[in-house]
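Tertiary structure, described
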Amino acid sequence: MTGSLHIHNFYIGKLKAKQEELFDSDPDLATLLDNVAAILSEHAVSLAEDIADMEDDD
């Protein structure tokens, strides 16, 4: 699960960087990338909570 969290965070960073690049030239695509990053961020928070719960159980 920790690996999945790292992958999520990696792609969130990539999406945010690309979104900033495209903001002036293609605002619609930049908005789409921002929305995808937001969804991944929500999932990353959920993963982090699950990991914390698993660690508490140990």
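Not measured: the values here are computed from a predicted model. (Residues numbered from 1 in each chain as written. Predicted model: local features only at pLDDT ≥ 70, side-chain atom pairs only at ≥ 80, totals over all residues. Heavy atoms only, no water.)

**Some words on the packing of aromatic side chains**
Evaluated as defined, the whole model comprises one aromatic pair. Measuring from centroid to centroid gives 5.1 Å for phenylalanine 10 and tyrosine 11, while their planes differ by 80 degrees, and the two rings are edge-to-face. (Phe/Tyr/Trp six-rings, centres within 6.5 Å; stacked < 30°, edge-to-face > 60°.)

**Topic: the environment of alanine 30**
Tracing the sequence through the fold places alanine 30 in helix α2 (residues 27–57). Take alanine 30: its relative accessible area is 0%, and that puts it in the buried class. Spatially, the C-alpha atom of alanine 30 lies 13 Å from that of isoleucine 12, the residues being 18 residues apart in sequence. Discounting chain neighbours no more than four positions away, the residues touching alanine 30 are Gln19, Leu22 and Phe23. (Helix = DSSP H or I, 4+ residues; strand = E, 2+ residues; numbered from the N terminus. Buried < 20%, exposed > 50% of the residue type's maximum accessible area, 1.4 Å probe, protein only. Contact = heavy atoms within 4.5 Å.)

Nothing here speaks to function; it is all geometry.
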